[in-house]
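# Observations on the model geometry
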Amino acid sequence: MLIGTYEHNLDGKNRVFIPAKFREELGETFYYTFYGSEYPSIQLYSKQGFKDALDEELEKAKDSGEKRAIKAKFLMAAGEASYDNQGRVVFNPMSTKKAGIEKQCIFVGFFDYVEVMSPETYERYLGAITLDSTLDEEASANEKKIYREYKSSGKLLGFDKE
């Protein structure tokens, strides 16, 4: 499982240290791409994970033209990476530029892949999930409980008691 959040920096040669827990799951050689994320990031996949992610996207295609477009978008920004003896990899400059990564990188595990993003993108992402209570079942349940209590007490304007 690829879980957790880590922060590392790109060095002057566009190398970055990959967290050990992620290295274990990704394998000796892994794939990265810039594709499909609502928030600009580089996605890291194990070899099998990369194939599975591409297959999943291709299943959504309605015809061969869409399949070709998906392949192009997914594979044009893709690269294969291996670690040096210090656990670092080199991302191509196009990927880091598209992801808005200049120096600091935030690594976020999403169970079957990792997203590498800039601190600014990470903050926007956190803000979005914090505001979206549908992603937080406990908060949603508490909101519903409070709503029912106020509604039954008649303290909410415009709502009649059930």
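A quick note: this is a predicted structure, and the numbers were derived from the prediction, not measured. (Residues numbered from 1 in each chain as written. Predicted model: local features only at pLDDT ≥ 70, side-chain atom pairs only at ≥ 80, totals over all residues. Heavy atoms only, no water.)

## Thoughts on the sheet that holds strand β3 (residues 29–33)
Ordered in space as β1-β7-β8-β4-β3-β5, the six strands form an open sheet in which the pairing is antiparallel. Both edges of this open sheet fall to β1 (5–9) and β5 (79–82), since each of them pairs with a single strand only. Taking the axes of each pair of neighbouring strands and ignoring which way they run, one obtains an average angle of 30° across the sheet. Sheet topology note: the strand β4 (residues 42–45)/strand β8 (residues 114–117) ladder contains three bridges and is antiparallel. Within β8, the residue paired with Q43 across the bridge is E115. (Pairing = 2+ DSSP bridges. Helix = DSSP H or I, 4+ residues; strand = E, 2+ residues; numbered from the N terminus. Axes fitted to C-alpha atoms, helices over the stretch in contact; angles between N-to-C directions.)

## What about the pairing of strand β7 (residues 104–109)?
For β7, a buried count of five out of six residues is recorded, marking the element as mostly surrounded by other parts of the structure. The pairing of β1 with β7 spans five bridges and is antiparallel. Of the residues in β7, the one forming a bridge with H8 is C105. Bridge count between β7 and β8: four bridges; the pairing is antiparallel. Paired with V108 across the strands is E115, a residue of β8. Hairpin connection between β7 and β8: a loop of four residues separates the two successive antiparallel strands, and F111 in this loop has a positive phi of roughly 70°. (Buried < 20%, exposed > 50% of the residue type's maximum accessible area, 1.4 Å probe, protein only.)

## Considerations on the pattern of salt bridges
Taken as a whole, this structure holds five salt bridges when the rule is applied. In this structure, D55 engages K51 in a salt bridge whose closest nitrogen and oxygen atoms are separated by 2.8 Å. One end of the pair is D55 and the other is K51, both in helix α2 (residues 47–59) and four residues apart, which spans about a single turn. A salt bridge links D84 to R88, with the shortest nitrogen-to-oxygen separation between them at 2.7 Å. For D84, a relative accessible area of 26% gives the class partly exposed. (Salt bridge = Lys/Arg side-chain N within 4 Å of Asp/Glu carboxyl O.)

## Comments concerning the packing of aromatic side chains
One pass over the full model with this rule turns up 11 aromatic pairs. Taken together, a centroid distance of 4.9 Å and an interplanar angle of 25° make the contact between Y31 and F50 stacked. Within this pair, whereas Y31 is found in strand β3, its partner F50 is found in helix α2, the two being separated by 19 residues in sequence. For Y31, a relative accessible area of 22% corresponds to the partly exposed category. Relative to F91, the ring of Y32 has its centre 5.0 Å away and its plane inclined at 75°; by these criteria the two rings are edge-to-face. Taken as a pair, Y32 in strand β3 and F91 in the loop between β6 (88–90) and α4 (93–98) lie far apart in primary sequence, 59 residues in all. (Phe/Tyr/Trp six-rings, centres within 6.5 Å; stacked < 30°, edge-to-face > 60°.)

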